[in-house]
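Chain by chain, the residues:
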Amino acid sequence: MTDPEALLLLVDGCIDWSVDLKQYHVLAGEPLRLKCALFYSYIRTNYTMATNAKLRLIWYKNKGDAEEPIIFSGHRLSKEDDSIWFRSAEMEDNGFYTCVLRNSTYCMKVSMSMTVDQSDEGKCFSSKIRHVEKAEITHNKMIICPDIGDYLAPYKQPQMTWYKECERVEWRSSIIVNTTHVWIPEVEEGDGGNYTCELQYGSRHVRRTTLLKVTALQTSQPPKVLFPPERQDTSIEITPGKDQQLHLFILWLKR
Ligand SMILES: *[C@@H]1O[C@H](CO)[C@@H](O)[C@H](O)[C@H]1NC(C)=O
Ligand SMILES: *[C@@H]1O[C@H](CO)[C@@H](O)[C@H](O)[C@H]1NC(C)=O
Ligand SMILES: *[C@@H]1O[C@H](CO)[C@@H](O)[C@H](O)[C@H]1NC(C)=O
Ligand SMILES: *[C@@H]1O[C@H](CO)[C@@H](O)[C@H](O)[C@H]1NC(C)=O
């Protein structure tokens, strides 16, 4: 028992990677694939190799301090390889999910956070779970449809619809809209707003919304020297402080 990993196991029972950085966001009623992050960021093994090595993957939902095993009996969620598939996420699914990979001598776990929210009143998105992007006027901007990779069928053209403020819009002729991107070659003030991409996924939709914030052009000119004024002698007289205060003396050099 000189292996440091073995020592860690003895102390804790299971190597705990705490909460993974990737957070899942989904609108209520939409499908979600929640992947066990162990296979993506923590170990080199994939699910197939792990099961071949007789390791078991077990899922828990965190309830307060406790972890309750998930029973995959209904039709709403199922365990598929390294993931949980929610056919249709519901508000009650909000929370943290832990996947544990183990055999009798080896154990590793990590938790994933999942946020489910309803659309804002009369909207096609929730302002709480939308992405935020910034663009400067006159610059170009690419808006992507984020986190949809798990919902695309291989070798099949995705059926995607883009909305602005939840409506189909007539895009300016210079804007290029394709299945996965909105490309704005020269951003105008009016381009700011909520962009929603809607992917057809079987009989359901997967929607993602990005709030584009348009800001004024940042000037690239150097900051202007305010003091001392131009063409003036740049020496400043200072009297040493009687009260031992530290005098900070800054000399601006004009190039
Ligand atoms: C799992 O990893 C092995 C070895 O790297 C590879 O041959 C196999 O294709 C992978 N399986 C999947 C489902 O990615
Ligand atoms: C448990 O899995 C680890 C990692 O794959 C392996 O090294 C170990 O031999 C396995 N233990 C048993 C009892 O199968
Ligand atoms: C969509 O447009 C973007 C930007 O022009 C481009 O990078 C991307 O490859 C295009 N995708 C498809 C599927 O045409
Ligand atoms: C984006 O959506 C928010 C929330 O519904 C709304 O308050 C805001 O006005 C929208 N942005 C623009 C530029 O229309």
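The protein is annotated in an unreviewed UniProt entry as Ig-like domain-containing protein of Champsocephalus esox. Under the heading Subcellular location (unreviewed entry), UniProt records this for the protein: "Membrane".

A. Main features of the sheet that holds strand 6 (residues 83-86). On the basis of which strands lie adjacent, the open sheet formed by three strands has the order 2-6-5 and antiparallel pairing. Edge positions in the open sheet fall to strand 2 (32-35) and strand 5 (77-80), since each of these has one partner strand only. With strand direction ignored, the average angle separating the axes of adjacent strands in the sheet is 20 degrees.

B. View of the state of the cysteines. Counted by the stated rule, this structure contains four disulfides. Between Cys36 and Cys99 runs a disulfide, and the two sulfur atoms are separated by 2.1 Å. With the S-S bond torsion at 70 degrees, the cross-link from Cys36 to Cys99 turns out right-handed. In this pair, Cys36 sits in the loop between strand 2 and helix 2 (38-42) while Cys99 sits in strand 7 (residues 95-102), placing the two residues 63 residues apart along the sequence. Under the relative-accessibility criterion, Cys36 is labelled buried at 0%. Its relative accessible area of 0% is what places Cys99 among the buried residues. What connects to what in the protein, once the bonded cysteines are numbered by sequence position, is 1-4, 2-3, 5-7, 6-8.

C. Broad picture of the environment of Leu57. Relative to the helices and strands, Leu57 resides in strand 3 (residues 56-63). Among the residues examined, Leu57 registers a relative accessible area of 7% and is labelled buried. Taking the C-alpha atoms as reference, Leu57 lies 6.6 Å from Cys99; in sequence the two are 42 residues apart. Beyond its immediate sequence surroundings of up to four residues, Leu57 is in contact with Cys36, Phe39, Tyr47, Lys79, Asp81, Asp82, Cys99, Val100 and Leu101.

D. Summary view of the sheet that holds strand 8 (residues 107-117). Read from one edge of the open sheet, five strands run 1-8-7-3-4, paired in mixed fashion. In the strand order of this sheet, the two ends are held by strand 1 (15-27) and strand 4 (66-69), each with one partner. Direction aside, neighbouring strands of the sheet carry axes that sit 30 degrees apart on average. The sheet contact formed by strand 1 and strand 8 spans eight bridges and is parallel. Note on strand 8: the bridge partner recorded for Asp16 is Lys109.

E. Structural detail: the side chain of Thr98. Counting through the fold element by element, Thr98 comes out in strand 7. Within polar-contact distance, the side chain of Thr98 engages the side chain of Asn62 at 2.8 Å. Side-chain polar atoms of Thr98 contact the side chain of Ser111, separated by 2.8 Å. Beyond its immediate sequence surroundings of up to four residues, Thr98 is in contact with Ile58, Trp59, Tyr60, Asn62, Glu67, Lys109, Val110 and Ser111.

F. Quick look at the site of ligand 4. Near ligand 4 the following residues occur: Asp120, Lys123, Phe125, Arg130, Glu165, Gly192, Gly193 and Asn194. Glu165 is positioned such that a nitrogen or oxygen atom in its side chain is 3.0 Å from an oxygen atom of ligand 4. A distance of 2.4 Å separates an oxygen atom of ligand 4 from a polar atom in the side chain of Asn194. Taken by itself ligand 4 offers 360 Å² of open surface, and the protein chains cover 52% of this.

G. Looking closely at the pattern of salt bridges. Counted according to the given criterion, the structure contains 15 salt bridges. A salt bridge links Asp147 to Lys22, with the nearest nitrogen and oxygen atoms 3.9 Å apart. Highlighted residues: Asp147 in the loop between strand 10 (141-144) and strand 11 (160-164) and Lys22 in strand 1, separated in sequence by 125 residues. Exposure remark for Asp147: the relative accessible area of 43% places this residue in the partly exposed category. For Lys22, a relative accessible area of 36% puts it in the partly exposed group. For Glu90, the salt bridge is made with Arg76, and the minimal N-O distance between the two is 3.9 Å. With a gap of 14 residues between them, Glu90 in the loop between strand 6 and strand 7 and Arg76 in the loop between strand 4 and strand 5 connect regions that are remote in the sequence. Judged by its relative accessible area of 33%, Glu90 is partly exposed. Its relative accessible area of 22% is what places Arg76 among the partly exposed residues. Through salt bridges with shared partners, one network takes in Arg33, Lys35, Asp82 and Asp150.

Calculation notes
Position labels on residues start from 1 in each chain and follow its written sequence. Note on labels: chains are lettered from A, ligands numbered from 1, in written order. Owing to the predicted nature of the model, reporting of local features is limited to residues with pLDDT of at least 70; listing and counting of side-chain atom pairs is limited to 80 or more, with chain, interface and lining totals taken over all residues. Note that water and hydrogens are dropped before the side-chain values are worked out from all heavy atoms of the structure. UniProt positions are given in the numbering used here, feature names are shortened, and annotations may be inferred rather than shown by experiment. Two strands qualify as a pair provided DSSP detects at least 2 bridges between them. The helix count covers DSSP runs of H or I at least four residues long, the strand count covers runs of E at least two residues long, and both are numbered beginning at the N terminus. Orientation is described by lines fitted to C-alpha atoms, with helices fitted over the stretch in contact, and by angles between N-to-C directions that extend from 0 to 180 degrees. Note on terminology: disulfide denotes any pair of cysteine sulfur atoms within 2.5 Å. Under the scheme applied here, a residue whose accessible area is under 20% of the maximum for its type counts as buried, over 50% as exposed, and between as partly exposed, the area being computed with a 1.4 Å probe on protein chains only. Any two residues having at least one pair of non-hydrogen atoms within 4.5 Å are treated as being in contact. Each polar contact in these results corresponds to two N or O atoms within 3.5 Å; when the atoms are within protein, one needs to be able to donate a hydrogen and the other to accept it, and residues that are neighboring in sequence are counted only if both atoms are side-chain atoms. Nearness of a residue to a molecule or strand requires only that one of the residue's heavy atoms be within 4 Å of it. Note on areas: Shrake-Rupley, 1.4 Å probe, and residue coverage restricted to the protein chains presented here. Within this document, salt bridges are pairs made up of a side-chain nitrogen of Lys or Arg and a carboxyl oxygen of Asp or Glu, the two lying within 4 Å of each other.

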